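Residues per chain, in single letters:
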Amino acid sequence: MRTLKADLHVHSCHSLQQGHLRFLKSRDCYSRPEDVYRIAKARGMDLVTITDHDSIGGCLEYLDRNPSSRDFFISEEMSCRLPQGDVEVHLGIYGLDERLHRELQPLRRDVYEVAARLREAGVFFALNHLLHFYRGQLPLDAYLRLLDEVPGLEARNGTMLPAHNALVERIASQRSGVSRFAMVGGSDAHTLRRVGRTWTEATPVDDNAGGDEISAFLTSLRERRARPAGAHGGTASVAGDAYGVIARYCASLLGAGPRDHRALRRTGCLAFSLVTLPAQFLPLVIVASGKRREAQEVQRAACELSSWADRPAGAIQPAET
């Protein structure tokens, strides 16, 4: 069977949460699912999925309009909490259905419960952007015990710094045998400009799934026969997405896009947008500051991991079973 490529981390307009200035009611992304599919295919993806925040709405919208599609499958990026330290963590979940999506929602307060249900269901999942939310809320070795619960790691995220992705790949490579991680990659695109620029590729075995490429690809993920490829991230990639979302938000206020605001609120949000035009350099400043913090956190984590080199198998190198 041929090598298959898929961007395993991409958003659509069904990613509704926006962490900054919530009163503006901006979406996290304004890309239509069919546009995501079209761009992904144009950039060489053999299979397509959408990983919206805590939603499979984008996937269902696409499949509702394209019910005979044989190269699209349902996925999700699920926001969970790590009880120790109350750290937010995101899981990329691949090949789930509506029933499992509903069952998982009440469990999101505890990532261990979500992971246990996914293992029970036999659905592949990966821990996304390992250090994105980690700010020393608990000791690093305690945080990395979470890795004992996941079969895969996102080793290349199209918004994360090369050093961050390299550190994740280093952690993944330190395991071997039955305990080793599957490594996946995705663009984490919130606009169409980066869809399909970072991806996962796998060459399924010929007799897998009777010729069903989606099933064969997902089996390759579970069997750790896949690798991440494509672009890393940085300030420019994240800032580009941020300004793209801002532009689409302003367009929606003017009637070009989803109608998320009633007339009075729309007027107020437009007024706020106009008044703050001179401050539109701030998203770039915020992104650059965030990337500096990411670099510092990655460096600290790398130094601490290096100091563990002589440790017996433990938090990141558990004994094989």
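Starting from 1, residues in each chain are numbered consecutively following that chain's sequence as written. In view of the model being predicted, local features appear only for residues whose pLDDT reaches at least 70, and side-chain atom pairs are presented and counted only at 80 or more, with totals across whole chains, interfaces and linings using the full set of residues. As a convention, hydrogens and water are excluded, and side-chain values are obtained from all of the structure's heavy atoms.

Trainee: Which residues make up the nonpolar core, and what values go with them?
Mentor: Leu91 and Tyr143 are the most contacted members of the largest nonpolar core, which totals 58 residues. Ranked by residue count, the leading element in this core is strand 3 (residues 72-82), at five residues. Residue contacts follow a heavy-atom distance rule, with two residues in contact if any of their heavy atoms lie within 4.5 Å. Residues contacting Tyr143, with those up to four places away along its chain left out, are Leu82, Val87, Val89, Leu130, Leu131, Tyr134 and Leu138. Among buried residues, the Ala, Val, Leu, Ile, Met, Phe, Trp, Tyr and Cys ones that are joined through side-chain atoms within 4.5 Å form a nonpolar core. Burial status follows relative accessibility: with a 1.4 Å probe on protein chains alone, a residue under 20% of its type maximum counts as buried, one over 50% as exposed, and anything between as partly exposed. Judged by nonpolar contacts, the second largest core, of 16 residues, contains Leu4, Leu47, Phe124 and Ala182. Strands here are runs of E lasting at least two residues and helices are runs of H or I lasting at least four, both read from the DSSP assignment and numbered beginning at the N terminus.

Trainee: Explain the sheet that holds strand 8 (residues 198-202) to me, and be specific about the residues and the numbers.
Mentor: The pairing of strands in a sheet comes from backbone hydrogen bonds and takes either a parallel or an antiparallel form. The pairing criterion for strands is at least two bridges between them, as found by DSSP. Read across the sheet, three strands follow the order 1-8-9 without closing on themselves; strand pairing throughout is antiparallel. Strands with a single pairing partner mark the edges of an open sheet, and in this sheet they are strand 1 (4-6) and strand 9 (226-230). When strand polarity is set aside, the average angle formed by the axes of neighbouring strands in this sheet is 30°. When strand 8 meets strand 9, the two strands line up antiparallel, connected through five bridges. Bridging from a neighbouring strand, Thr198 pairs with Gly230 of strand 9. Axes here mean lines fitted to C-alpha atoms, for a helix over just the part in contact, with angles spanning 0 to 180 degrees between N-to-C directions. Where helix 7 (residues 213-222) meets the sheet, its contacts fall on strand 1, strand 8 and strand 9, and the angle it forms with strand 8 comes to roughly 95°.

Trainee: Requested: an account of the sheet that holds strand 7 (residues 182-186), with residues and values cited.
Mentor: The six strands are arranged 2-3-4-5-6-7 in an open sheet whose pairing can be described as mixed. Each having just a single partner strand, strand 2 (48-50) and strand 7 make up the two edges of the open sheet. Each neighbouring strand pair of the sheet contributes to a mean axis angle of 35°, computed without reference to strand direction. Across the sheet, helix 6 (residues 162-173) lies against strand 6 (152-157) and strand 7, angled at about 150° from strand 6, the strand it touches most. Against the sheet, helix 7 makes contact with strand 3, strand 4 (87-94), strand 5 (124-127) and strand 7, and its axis sits at roughly 35° relative to strand 3, the strand it touches most.

Trainee: Account for the confidence of the model for the chain, with residues named and values stated.
Mentor: Any segment with low pLDDT has predicted coordinates that should not be analysed in fine detail. In predicted models, pLDDT denotes the confidence assigned by the predictor to each residue on a 0 to 100 scale. Averaged over all residues, the pLDDT of the chain equals 90, while 90% of them reach at least 70. Confidence drops under pLDDT 50 across residues 317-321; counting only partners more than four residues distant or on other chains, this segment forms eleven contacts.

Trainee: Give a description of the layout of surface pockets that names residues and reports values.
Mentor: Empty space among the atoms becomes apparent when a probe as large as a water molecule is rolled across them. The definitions used throughout rest on a 1 Å grid laid over the protein atoms alone, on which a cavity is an enclosed set of points accommodating a 1.4 Å probe that cannot get out and a pocket is an open set flanked by protein within 12 Å on both sides along at least five of seven lines; lining residues are those having an atom within 4 Å of a point. Grid points are joined across faces, edges and corners, and a volume is the space filled by probe spheres set on the points. The space that makes up the second largest pocket amounts to roughly 180 Å³. Surrounding the second largest pocket, Leu118, Arg119, Gly122, Val123, Phe124, Phe125, Asp148, Glu149, Val150, Pro151, Arg222 and Arg224 form its lining. Put simply, the parts of the chain that give the lining of the second largest pocket at least two residues each are helix 4 (111-121) and strand 5. When its residues are assigned to classes, the lining of the second largest pocket shows six nonpolar, one polar and five charged. Under the scheme applied here, ten amino acids are nonpolar (Ala, Val, Leu, Ile, Met, Phe, Trp, Tyr, Cys and Pro), four are charged (Asp, Glu, Lys and Arg), and all others, including Gly, are polar.

Trainee: An account of helix 4 is requested, with residue identities and associated values reported.
Mentor: Residues spaced three or four apart along an α-helix point in a common direction, a consequence of the helix completing one turn every 3.6 residues. Buried within helix 4 we find Val111, Val114, Ala115 and Leu118. Taken end-on, helix 4 shows its buried residues confined to a sector of 95°, consistent with a single buried face. Those residues of helix 4 that are buried lie in contact with strand 3, strand 4, helix 3 (98-104) and strand 5. Two to three positions downstream of the cap, the backbone nitrogen of Tyr112 sits 2.9 Å from a side-chain oxygen, assigning the N-cap of helix 4 to Asp110. Arc definition: directions from the helix axis to the C-beta atoms. Any pair of N or O atoms that falls within 3.5 Å is considered a polar contact. Within protein, one atom must be able to donate a hydrogen and the other to accept it, and sequence-neighbouring residues count only if both atoms are side-chain atoms.

Trainee: If you had to explain the packing of aromatic side chains to someone new, which residues and values would you point to?
Mentor: In summary, the pairing rule links any two rings of Phe, Tyr or Trp, Trp by its six-membered ring, whose centres are within 6.5 Å, and it sorts them by plane angle into stacked for under 30 degrees, edge-to-face for over 60 and tilted for everything else. This model, assessed by the stated rule, comprises five aromatic pairs. Between Tyr37 and Tyr62, the ring centres sit 4.8 Å apart and the planes meet at 25°, which makes this aromatic pair stacked. Here Tyr62 lies in helix 2 (residues 57-65) and Tyr37 lies in helix 1 (residues 33-42), a separation of 25 residues in the sequence. Like Tyr62, Tyr37 is buried. Each residue in the set Tyr37, Tyr62 and Phe72 is aromatic and connected to the rest through ring pairs, giving one cluster. The residue whose ring lies beneath Lys5 is Trp199, and the NZ or CZ to ring-centre distance is 4.2 Å. For a lysine, the NZ atom is tested; for an arginine, the CZ atom; a charge sits over a ring if that atom is within 6 Å of the ring centre and within 35 degrees of the ring normal.

Trainee: I'd like to hear about a nonpolar patch on the surface, residue by residue, with values.
Mentor: Each patch is built from salt-bridge-free residues with over 30% relative accessible area, joining like charges within 9 Å and nonpolar side chains (Val, Leu, Ile, Met, Phe, Trp, Tyr) within 5 Å. Values of accessible area rely on a 1.4 Å probe in the Shrake-Rupley scheme; residue burial ignores everything except the protein chains shown. When a carboxyl oxygen of Asp or Glu lies within 4 Å of a side-chain nitrogen of Lys or Arg, that pair is called a salt bridge. A cluster of nonpolar residues, Phe281, Leu282, Val285 and Ile286, forms a patch on the protein surface that exposes about 370 Å² of accessible area. Residue placement: Phe281 occurs in the loop between helix 9 (263-275) and helix 10 (282-307).

Trainee: How would you summarise unusual backbone geometry if you had to cite specific residues and measurements?
Mentor: Residues other than glycine seldom take positive phi values, yet Asp86 does so here, at roughly 50°. Counting through the fold element by element, Asp86 comes out in the loop between strand 3 and strand 4. Asp86 gets classed as partly exposed once you look at its relative accessible area, which sits at 48%.

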